[in-house]
Amino acid sequence: LQFLYFIARPYKQKMAHRGFIRGSKVLLGAGLGMGVSVQGFAQSPDCSMTWELLKNQNSNTSNEVIKCMSNSNAFATLSKLEGDLMVKRDEEDEQKLWKGVEISISRGVLQKIPPPVVTKIDVVGKTPNMVADFIISKLDTSKGCVVVLQGMSGTGKGTTGTTLLSKLPNCVTWSNGNVFRSLTLLAATHAKQEGIDLKDNAEKVLTSENVAKWMKMLSFHKTGDKKYDIKIQGLGLDVNVSEVQNTLLKETLVAKNIPTVAEQTQGDVVKFAAAALKQMTDDGMNVILEGRAATVQYVPTPYRFELIMNDSQLLGQRRAAQRVMAGCEMQLASKATSEEIMSLADSLCKKWTQ
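Residues numbered from 1 in each chain as written. Predicted model: local features only at pLDDT ≥ 70, side-chain atom pairs only at ≥ 80, totals over all residues. Heavy atoms only, no water.

Q: For the side chain of Arg292, give the residues involved together with the corresponding values.
A: Relative to the assigned elements, Arg292 resides in the loop between β11 (286-291) and α13 (293-296). Polar side-chain contacts of Arg292 include one of 3.0 Å to the side chain of Asp90. Arg292 has contacts with Asp90, Asp93, Glu94, Leu97, Gly151 and Ser153, leaving out every residue within four places of it along the chain. (Helix = DSSP H or I, 4+ residues; strand = E, 2+ residues; numbered from the N terminus. Polar contact = N/O pair within 3.5 Å; in protein donor to acceptor, adjacent residues only side chain to side chain. Contact = heavy atoms within 4.5 Å.)

Below is the structure:
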């Protein structure tokens, strides 16, 4: 112990003017507002991360992670990587969607239309409640309506949708995902019955006639008070989507063929969705529809909102923060201290950017 103290003393003296040493943790610049040194980076002096906040796993948690790790080089690197990846993935997805829309136009399923009017909301500095309240102020809630949320990944569409869901009466969310999965199940079942591979024979299987026939095998119906379901009936199938959405519709036969089917059937799914949404709004329901501009533009509604971030750097930071907070909650024991949380956070950032 004396030997350890002897070799540590010069470092202790060197750091004395920048802060103080308490126990086994070195606190850098505590008296100068520089923050706490946590495994190689100076934690923000106003960091107030707690285990309770980490457990919430919401926008407040991600905002606190961004604030606490503002001095972390590893977090900055991860944020840039996540931001670049997100932009690239969004551009690729957008191109695929527009290609699918163009195919549907060429098949005569959709018509080319001018872009609808969209209200843009810069979400930087705004809480989900603030964004949701602004949207609600623009709605006529005396009757059912469709609220479209569009924008890049990471702008908070999902969180805003969840917040609206809790604030609006008779409100549900709609996703085209299960429609695509249902249609893919029918296409894959047809190919299997014909003894051919869907991917290798996409042009032969996904003809306009076949797709039109399969769409007639899908119906949207009411199952109870303000409850609806999609029924798949044909090719030997007779099921409700709610009964098989986590089993049959998640099997490999469906999952591996969704991209192939989705590219050719964007228009068919959009038209099905538009009819289903009208049925619900006519019944007094408020429906939250989250998606990309290429497809949601075909759903009739005056209530369209695009969430944007004029601070592009924040997009990557939010996605990086979401990864970090999920990783910390998974690996840490309950009641972990702020320093323990942020130490692991920095380690995870370094690991993911090696």
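Next comes the rest of the account.
Q: Give me helix α14 (residues 312-331): which residues, what numbers.
A: Here α14 contains 20 residues, and its C-alpha end-to-end distance of 30 Å stays within 8% of the 28 Å for a straight helix at 1.5 Å per residue. Against the buried residues of α14 lie α2 (51-56), α3 (59-68), α4 (73-106) and α15 (338-352). (Expected span 1.5 Å × (residues − 1).)

Q: Outline the state of the cysteines, supporting the account with residue identities and numerical values.
A: By the definition in use, this model includes one disulfide. Here Cys47 pairs with Cys68 through a disulfide, and the sulfurs are 1.9 Å apart. For the disulfide bridge between Cys47 and Cys68, the dihedral angle about the S-S bond is near 90 degrees, and by the sign convention the bridge is right-handed. Here Cys47 is found in the loop between β4 (41-43) and α2, whereas its partner Cys68 is found in helix α3, with 21 residues between them in sequence. (Disulfide = S-S within 2.5 Å.)

Q: Lay out the packing of helix α7 (residues 177-194) against helix α12 (residues 258-282) with the relevant residues and their values.
A: At a closest axis distance of 9 Å, the pairing of α7 and α12 adopts a crossing angle of 120 degrees. One finds that α7 runs oblique with respect to α12. Crossing handedness for the pair α7 and α12: right-handed. Residues Val179, Phe180, Arg181, Leu183, Thr184 and Ala187 of α7 lie in contact with α12, whose contacting residues are Ile258, Val261, Ala262, Thr265, Gln266, Val269 and Phe272. Split by residue class, the contact of α7 with α12 holds nine nonpolar, three polar and one charged. (Axes fitted to C-alpha atoms, helices over the stretch in contact; angles between N-to-C directions. Parallel < 35°, antiparallel > 145°, perpendicular 65-115°, else oblique. Left-handed = near helix turned anticlockwise from the far one by under 90°. Nonpolar A, V, L, I, M, F, W, Y, C, P; charged D, E, K, R; others polar.)

Q: Account for the nonpolar core, naming residues and giving values.
A: Met49, Met69, Phe75, Ile135, Val147, Val324 and Met342 are the most contacted members of the largest nonpolar core, which totals 45 residues. At the level of elements, α2, α3, α4, α5 (128-137), β6 (146-151), β12 (303-308), α14 and α15 are the ones that each hand at least two residues to this core. Of all the elements, α14 adds the most residues to this core, at seven residues. If you look at the next biggest cluster of nonpolar residues, it comprises 43 residues, including Ala187, Phe220, Val261 and Ala276. (Core = buried A, V, L, I, M, F, W, Y, C linked by side-chain atoms within 4.5 Å. Buried < 20%, exposed > 50% of the residue type's maximum accessible area, 1.4 Å probe, protein only.)

Q: Tell me about the sheet that holds strand β7 (residues 171-174), residues and numbers included.
A: Overall, parallel pairing links the five strands, which are arranged β5-β12-β6-β11-β7 in an open sheet. Edge strands, defined here as strands with exactly one partner in the open sheet, are β5 (119-122) and β7. In this sheet, neighbouring strand axes are inclined to one another by 25 degrees on average, regardless of whether the strands run parallel or antiparallel. Here β5 runs beside β12; their pairing, made up of four bridges, is parallel. The residue bridging Thr119 from the neighbouring strand is Phe305, located in β12. In the packing of α5 onto the sheet, contacts are made with β5, β6 and β12, and the angle to β5 comes to roughly 160 degrees. (Pairing = 2+ DSSP bridges.)

Q: Now, about the sheet that holds strand β8 (residues 218-224): what can you tell me, with residues and values included?
A: Strand order across the open sheet formed by three strands is β8-β9-β10, with antiparallel pairing between neighbours. Strands at the two margins of the open sheet, each flanked by one partner only, are β8 and β10 (237-240). When strand polarity is set aside, the average angle formed by the axes of neighbouring strands in this sheet is 25 degrees. Sitting on the sheet, α7 is in contact with β8, β9 (227-234) and β10, with an inclination near 10 degrees to β9.

Q: Describe the packing of α14 against α15, and please don't skip the residues or the numbers.
A: Packing of α14 against α15 leaves a shortest axis separation of 9 Å and a crossing angle of 120 degrees. It follows that α14 is oblique to α15 by the angle criterion. Crossing of α14 against α15: the hand is right-handed. Of α15, the residues touching α14 (which contributes Arg323, Val324, Gly327, Cys328 and Gln331) are Ile341, Leu344, Ala345, Leu348, Cys349 and Trp352.

Q: Tell me about the pattern of salt bridges, and please be specific about residues and values.
A: Taken as a whole and assessed by the stated rule, the structure comprises 14 salt bridges. Glu64 is the salt-bridge partner of Lys67, the closest N and O atoms lying 3.2 Å from each other. Within this pair, Lys67 and its partner Glu64 are both found in helix α3, separated by three residues, close to a single helical turn. The class of Lys67 is partly exposed, set by a relative accessible area of 30%. (Salt bridge = Lys/Arg side-chain N within 4 Å of Asp/Glu carboxyl O.)

Q: I'd like a rundown of the environment of Asn71, residues and numbers included.
A: Within the element layout of this structure, Asn71 appears in the loop between α3 and α4. A residue is classified by how much of its surface remains accessible, and Asn71, at 39% relative accessible area, is partly exposed. In the structure, Asn71 is positioned 30 residues away from Phe41 in sequence and 6.2 Å away in space, judged by C-alpha atoms.

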